[in-house]
Each structure stands twice: as C-alpha cells, then as structure tokens.
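# Inside the fold
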Amino acid sequence: MTRQGRAYCYALVTVGLWSTIATACKLSLNYIKPAELVFFSSIVSCLVLLMVLIIQKKLPLLATMKWSDWFLSAKLGMLNPLLYYLVLFKAYDLLPAQQAQPLNYTWAITLSILSVPLLGHKLSRGQLLAITISYFGVLVISTNGNLFSFSMESPFGIFLALLSTIFWALYWIGNTRDSRDPVVGLLMNFICAVPMIALYLLVTQGMSIPDMRGLAGAVYIGVFEMGVAFLLWLTAMKLTENTARIANLIFVSPFLSLIFIYFILGEKIMISTLVGLFFIVAGLIIQTRAKN
C-alpha cells in the first residue's frame, strides 16, 4: 500500500470511530452521570496514552518536562477534558443525540471567531459567509425546523452544546503555543485534569462505582474518542501528501453518525436535523476553502 493509501486508511478508521461516539455517549448516560463518564473515560485515556508512550519508547520524555510544561498542561487540561467533556456530556444528557452531535461540529466556526480577538486574525468575506450559513443550520436544528416560533425543547441543552465548542476552540488555540510531542502533551493534560475532575465529583455528587454498563461506555469513550482516534488522526496527517484530502473526510462523520443514532439508539432522524446539518457542513466547507 502506498503512503497516501495508508493515510486514507488511518483517516477513515478515525472518522468511523468518531461517528460512533454520539451513540456511545447517549447509551452510556443511561447508566452513568455526565461527570462520572468524564472521570472514568479520562482515567482510561491516561492508561491508553501511557501505553502508547511506552510502545514508542518516549516515556523518558515525561521526565524532561519542566514545571512550566506541567503548568501549561494544568491550564489545557482544565479546558480539555474537564470543561469540554463535562459540558458536552451534559448536553448529550439533555438533548437527542441527533441535535447535540451536529451542534458540536460547529467548533471550527467558533475557532475562527475566537481567533479574531485572541490571535489577531481577520475574517474574510468567505469566512463571514461560512459563519452565517453554519449558524443558520444551528438555528434549524435547535428549533426542529420551527424557525418562526423559535421554540426549543431544551434551551439549556442547546446552550451547553454550543458552549462546549467554545471550550474546544480555546483548547486548540492554547495548543498553538505547545511545542511538546503531541502524545506527551495530551497525556500530561489528562494527568493534570483527572484530580480536578475527581475534586469536582467529590464536591458535587460524591464518588461511587457506577453501573458496569456505564463503565463499559466510559472505557469505550476513553479508548477510542480520547485516545486511539487522536493517535490515528495524527498518523494520517503525518503520512498524507495533502492534508486537505484527509481533512475533508471529517465531513463524512456527522452523516455517518446519524446512521448509528438511527439504528442503535432508535431516534427517528428529523428532516430539520438533516437540513441543519447540511447548512453546518456547507459552512465548514466554505470556511476551509476561504482559508485556502
């Protein structure tokens, strides 16, 4: 297989894994609370990333990290996984998966907006058009297509789904200043976040062992969403001859996710979800081309 062929394989497997996460979250939240899901998933992710470092013989890199590196990880870990996943999983708890999942995909649009005040970027006309189109899609999904009545089943859930995109965008902006090995940096972020998540759990609801089905979901999310998918995508981006070819595969994920949501969760996919998702993805594609 050619180098580019292997890049496509890694990318397609990653997209496939990402497509299952909305369903996995919704199923897990039937048996485990959002904060518990974040806590146990983060622990599993730490173990997965630690194993990867051992296999790659990069574990000694942890010993070379300075206090400034750990301080950076504490800040990044507060954003992801702590705030991002706490907010996102609560949104999944309140909303149908077919609503929460597409709204979460607008993080790239949020990133463009936040890059203006935080990184000094300027928005082109194409990017402004992309933002308008994507957020029109958000409006369609949020109101179930009832644009003029502007009624929402769970306004707080919609708010949380959109708030999660802010935390994710802030995390990636923070990562632009991180020159560490990506796996080392991610592991350090999760190591710093786990005690913070544990403290949040103790203060808000106490620590307990949840239903084994909830723990199974946490293991799945920790291994694939927070660990393996990141590594596979990183490998695909290193192998590819053209990053745009790989990046465009991301747009398949939300539509593939709806298939899992329909057949496994049994949610009837609404026309408004498909229409809104079409506008969100169209906006993301326009934004990608506007940047280029």
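The preceding data block contains the structure.
Our subject in this report is the structure included herewith. Everything numeric in this text was worked out from a predicted model, so none of it was measured. (Residues numbered from 1 in each chain as written. Predicted model: local features only at pLDDT ≥ 70, side-chain atom pairs only at ≥ 80, totals over all residues. Heavy atoms only, no water.)

## Structural notes on the overall build of the chain
Applied cut-off: A run of DSSP states H or I qualifies as a helix once it reaches four residues; a run of E qualifies as a strand once it reaches two. Both are numbered from the N-terminal end. C-alpha atoms define the radius of gyration, and 2.2 Å times the number of residues to the power 0.38 defines the globule rule. Note on classification: 1.4 Å probe, protein chains only; a residue is buried when its accessible area is under 20% of the maximum for its type, exposed when over 50%, partly exposed between these limits. Residues count as neighbours in contact if any of their non-hydrogen atoms are within 4.5 Å of one another. We get accessible surface area from the Shrake-Rupley algorithm with a probe of 1.4 Å; when it comes to residues, only the shown protein chains can shield them.
Helix and strand counts for the chain come out as twelve helices and zero strands. Beginning at the N terminus, the succession of helices and strands in the chain can be written as α-α-α-α-α-α-α-α-α-α-α-α. For the chain, whose C-alpha radius of gyration is 19 Å, the value lies close to the compact-globule estimate of 19 Å for 292 residues. Over its C-alpha atoms, taken along the principal directions, the chain stretches across nearly 55 × 45 × 40 Å. Relative to its 292 residues, the chain shows a buried fraction of 52%. In the chain, the proportion of contacts linking residues at least 24 apart, taken out of those at least 6 apart, comes to 85%. By element, 70% of the accessible surface of the chain is carried by carbon and sulfur atoms, the whole surface being about 14,000 Å².

## A look at the pattern of salt bridges
Where we set the bar: Salt bridges are defined by distance alone: a side-chain nitrogen of Lys or Arg within 4 Å of a carboxyl oxygen of Asp or Glu.
Inspection of every chain in the model, using the stated rule, returns four salt bridges. With a shortest N-O distance of 3.7 Å, lysine 90 and aspartate 93 are connected by a salt bridge. Residue lysine 90 and its partner aspartate 93 are located together in helix α3 (residues 67-94), separated by three residues, close to a single helical turn. Between arginine 213 and aspartate 211 there is a salt bridge, and its shortest N-O distance comes to 3.0 Å. Given a relative accessible area of 31%, aspartate 211 falls into the partly exposed group.

## Digging into the side chain of glutamate 36
Threshold: Neither His nor the chain ends is counted toward charge; the positive residues are Lys and Arg and the negative residues Asp and Glu.
Here glutamate 36 lies in helix α2 (residues 34-55). Buried glutamate 36, no salt bridge; nearest opposite-charge side chain is lysine 33, N-O distance 5.8 Å. Once you skip the residues sitting within four places of it in the chain, glutamate 36 turns out to touch Leu201, Gln205, Ser208 and Pro210.

## Details of the packing of α2 against α3
Put simply, the test is: To obtain an axis, a line is fitted to C-alpha atoms, over the contacting stretch when the element is a helix, and the angle between two such axes runs from 0 to 180 degrees between their N-to-C directions. What sets the label is the angle itself: under 35 degrees gives roughly parallel, over 145 gives roughly antiparallel, 65 to 115 gives roughly perpendicular, and the rest give oblique. Left-handed describes a crossing whose near helix is turned anticlockwise from the far helix by less than a right angle; the clockwise case is right-handed.
For the pair α2 and α3, interaxial distance at closest approach is 8 Å and the crossing angle is 135°. With respect to α3, the element α2 is oriented oblique. By crossing handedness, the relation of α2 to α3 is classed as right-handed. Across the interface between the two elements, Pro34, Ala35, Leu37, Val38 and Ser42 of α2 pack against Pro81, Tyr85, Leu86, Phe89, Lys90 and Asp93 of α3.

## Details of the packing of aromatic side chains
The test is simple: Centres within 6.5 Å make a pair out of two Phe, Tyr or Trp rings, where for Trp the six-membered ring is used; the pair is then stacked when the planes are under 30 degrees apart, edge-to-face when over 60, and tilted otherwise.
Counted according to the given criterion, the structure contains 14 aromatic pairs. Centre to centre, the rings of tryptophan 18 and tryptophan 233 are 5.2 Å apart; their planes meet at 45°, and the pair counts as tilted. Of the two residues, tryptophan 18 is situated in helix α1 (residues 3-28) and tryptophan 233 in helix α9 (residues 212-239); the sequence distance between them amounts to 215 residues. For tryptophan 18, a relative accessible area of 24% gives the class partly exposed. Residue class for tryptophan 233 comes out buried when judged on its relative accessible area of 14%. Here phenylalanine 136 and phenylalanine 279 contribute two aromatic rings whose centre-to-centre distance is 4.9 Å and whose plane-to-plane angle is 80°, an arrangement assigned as edge-to-face. Of this pair, phenylalanine 136 sits in helix α6 (residues 125-142) while phenylalanine 279 sits in helix α12 (residues 271-291), and the two are 143 residues apart along the sequence. Look at phenylalanine 136 and you get partly exposed, because its relative accessible area is 34%. What links up through ring pairs into an aromatic cluster is the set Tyr84, Tyr85, Phe89, Trp107, Trp168, Tyr171 and Trp172.

## With respect to a nonpolar patch on the surface
The following threshold applies: To count toward a patch, a residue needs a relative accessible area above 30% and no salt bridge. Like charges then connect within 9 Å, nonpolar side chains (Val, Leu, Ile, Met, Phe, Trp, Tyr) within 5 Å.
On the surface, Leu27, Ile259, Tyr262, Phe263 and Ile264 cluster together into a nonpolar patch covering about 530 Å² of accessible area. Broken down by element, the nonpolar patch gets its largest block of residues, four residues, from helix α11 (residues 253-265). Looking at where leucine 27 falls in the secondary structure, it is placed in helix α1. Owing to a relative accessible area of 35%, leucine 27 belongs among the partly exposed residues under this scheme.

## Re α3
This is how the line gets drawn: Expected span, for any helix, means 1.5 Å times one less than how many residues it has. Bend at a given residue is defined as the angle between two axes, one fitted to the seven residues that end at that position and one fitted to the seven that begin there.
For α3, which comprises 28 residues, the first-to-last C-alpha distance of 39 Å matches the rise-based estimate of 40 Å (1.5 Å per residue) to within 8%. The largest bend along α3 reaches roughly 40° and is located at glycine 77, with the proline proline 81 sitting one to four residues downstream.

Note that all results are geometric; they support no functional claim without further evidence.
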